[in-house]
Amino acid sequence: MTVSADLHKPRKLAALALAAASALALLGAAPADALPYRDTLTQWADRLDAAAVELDRAAPQVSARIGEGGLMKLGSTGERVGRLAQRLVELGLLPADKLSDLFTIDIDRAVKSFQLSQRMKQDGLVGAGTRAALDRTPAEAAALMRQSAAAMRSFRDTAPDSVLVVNLTDQTTTLVRGGEEELTMRAIVGRPSRETPLLTDRITHIIVNPTWTVPPTILKEDKLPMLRAKGTPGIQNAVVYLDGQEVAPETVDWNEVSPGRVRIVQQPGDHNALGRFRFNLTNPYDIYLHGTNEPRLFARELRSISSGCVRLEDPRRLAELLLQGTTVTPARIDRMLDRPQPQWVKLAAPMPVQFVYWIATVETDGTVRLHPDIYDRLDDAPATVSVPTTDAPATMPAVPVGSPTDAGRAAATNVRSRA
């Protein structure tokens, strides 16, 4: 059945758009008071199941697929723009007589209306996130909601009372201590070509004023080619080593130099790629959490842009909370930041960390959000990769949320240093 293009019925159109597209703004859930995190997960899972039932009841609708491709925006042309316009007509956001292969001002307004209904950034840009939301059918959305609900219940039943939760799909990090949520912030995670693996791990140390040693993958694929082309690694305040000896990079012919002979270390400071804080984990993939020297990136809707490690919007606040009750007070952190060298702090008790892949989440007012499937895992629920350690806390969970084959794929594609 084709959705009417009558734009004089905004309530009906908004409901149709939400049901057909994927992220429902369902009514009847007022903002909840603060609850223990396990109770919050129970409420989220119940909400997702209820939303899936609502989608099951929706009448079948025409659903044009835009398909993967480059960014579309005002002025773009081509077949995908035509499919975008057709999808917007189906959702009742664009009059049928405005169909076009040219991204017109009418299409731009319709895209922004759709983004508003999804609580996305209203920029009129059709990138991976907006396109994925437009392409989802109600049946696909319902399946993802149920998948996330099951994963949340599994996590609720197995996770320790204190844990740092990194949800890769909505790119957030949440600190839970003593069963209570203490902090949630935006995060930046690995790009599709350099996925952040689904780990069960723990933070053992915090480094204030860290150096950044360029990981092998980035060195080979990015920095060594730049050295060969320009005689510089393109990194501010970096020291370049060749065969263990510091060298002036512009004096070396890099064309015959193999990656294994090169090491590049960026010195501490506000310019450092890791920012001012690094949180060390124990995994063999060199995945860790850290700050950044590019805070503007947290304003992006889709933040899967790192080389595998997780960048934190407010790393200092996380450090203060993890060190609460110790001799490392905020005032002492200030003094440590004033020093030019890295300062290592060992946590009295390691903090468990769990990376999860919950595509469907629930906002405080009950709104269901479906996030882009950044690592193309729509067809199989991802598993976690546990890091075996001999001294891990007995409460450290191994959260089984899917197929072990996916864990193998994650491990195989991430056995290399990241940043």
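Note that this is a predicted model, so its numbers are computed, not measured.

Caption draft 1: Representation of the overall build of the protein chain. A tally of regular secondary structure across the protein chain gives 10 helices and 16 strands. Relative to its 419 residues, the protein chain shows a buried fraction of 52%. Counting every atom, the protein chain has about 18700 Å² of accessible surface; 52% of that belongs to carbon and sulfur.

Caption draft 2: Spotlight on empty space enclosed by the protein. The tally for this structure, following the rule as stated, stands at three cavities of 30 Å³ or more. Tyr37, Arg38, Leu41, Phe155, Arg156, Ala159, Pro160, Asp161, Val163, Val176 and Gly179 together form the lining of the largest cavity. Elements that contribute at least two residues to the lining of the largest cavity include exactly helix 2 (37-57) and helix 6 (138-158). For the lining of the largest cavity, the leading source of residues is helix 2, giving three residues. Here the residues of the lining of the largest cavity sort into seven nonpolar, one polar and three charged.

Caption draft 3: Expanded view of the pairing of strand 1 (residues 163-167). With respect to burial, strand 1 is a largely interior element, five of its five residues being buried. Residue alternation in strand 1 divides its side chains into two sets, Val163, Val165 and Asn167 and Leu164 and Val166, and both sets are buried. Two strands pair when backbone bridges link them, and strand 1 and strand 2 (residues 172-177) are joined in this way by five bridges, in the antiparallel orientation. By the bridge assignment for strand 2, Leu164 is matched with Leu175. Joining the antiparallel neighbours strand 1 and strand 2 is a turn of four residues, in which Gln171 adopts a positive phi near 55°.

Caption draft 4: Main features of the packing of helix 3 (residues 79-90) against helix 4 (residues 105-117). In the contact formed by helix 3 and helix 4, the axes pass within 10 Å of each other and the chain directions differ by 55°. Comparing the axis directions of helix 3 and helix 4 gives the class oblique. Between helix 3 and helix 4 lies a crossing whose hand is left-handed. Contacts between helix 3 and helix 4 involve Val81, Leu84, Ala85 and Leu88 from the first element and Ile107, Ala110 and Val111 from the second.

Caption draft 5: Layout of the nonpolar core. Grouped together as the largest cluster of nonpolar side chains are 81 residues, with contacts concentrated most on Met145, Phe279 and Phe355. For this core, the leading source of residues is helix 6, giving eight residues. Excluding anything up to four places from it in sequence, Phe279 contacts Ile203, His205, Ile206, Tyr288, Leu289, His290, Leu312, Pro315, Leu318, Ala319 and Leu322. Core analysis: the next-biggest nonpolar cluster, separate from the first, contains 19 residues, Ala85, Leu94, Phe114 and Ala133 among them.

Caption draft 6: A look at the confidence of the model for the protein chain. On average, residues of the protein chain carry a pLDDT of 83, and 82% of them reach 70 or more. Taken together, the stretch residues 381-417 has pLDDT below 50 and engages in 87 contacts with residues farther than four places along the chain or on a different chain.

Caption draft 7: Region of the structure containing the sheet that holds strand 8 (residues 262-266). Strands sit in the order 5-8-6-7 across an open sheet of four strands; the sheet is antiparallel. Each edge of the open sheet is held by one strand with a lone partner, namely strand 5 (212-213) and strand 7 (245-247). Where strand 5 and strand 8 come together, two bridges link them in antiparallel fashion. Residue Thr213 lies in a different strand from strand 8, and its bridge partner there is Val265. On the sheet, helix 7 (residues 216-230) packs against strand 5 and strand 8 and is oriented at approximately 90° with respect to strand 8.

Caption draft 8: Main features of helix 2. Over its 21 residues, helix 2 runs 31 Å from end to end, which matches the ideal 30 Å to within 8%, given 1.5 Å per residue. Residues of helix 2 that are buried: Tyr37, Thr40, Leu41, Ala45, Arg47, Leu48, Ala51, Ala52 and Leu55. For helix 2, the angular spread of the buried residues around the axis is 165°, confining them to a single face.

Definitions and cut-offs
Residues numbered from 1 in each chain as written. Predicted model: local features only at pLDDT ≥ 70, side-chain atom pairs only at ≥ 80, totals over all residues. Heavy atoms only, no water. Helix = DSSP H or I, 4+ residues; strand = E, 2+ residues; numbered from the N terminus. Buried < 20%, exposed > 50% of the residue type's maximum accessible area, 1.4 Å probe, protein only. Areas by Shrake-Rupley, 256 points an atom, 1.4 Å probe, with all protein chains shown as cover. 1 Å grid on protein atoms, 1.4 Å probe; cavity = no way out; pocket = protein on both sides within 12 Å on 5 of 7 lines; lining within 4 Å. Points joined across faces, edges and corners; volume = space filled by probe spheres on them. Nonpolar A, V, L, I, M, F, W, Y, C, P; charged D, E, K, R; others polar. Pairing = 2+ DSSP bridges. Axes fitted to C-alpha atoms, helices over the stretch in contact; angles between N-to-C directions. Parallel < 35°, antiparallel > 145°, perpendicular 65-115°, else oblique. Left-handed = near helix turned anticlockwise from the far one by under 90°. Contact = heavy atoms within 4.5 Å. Core = buried A, V, L, I, M, F, W, Y, C linked by side-chain atoms within 4.5 Å. pLDDT = per-residue confidence, 0-100. Expected span 1.5 Å × (residues − 1). Arc of directions from axis to C-beta.

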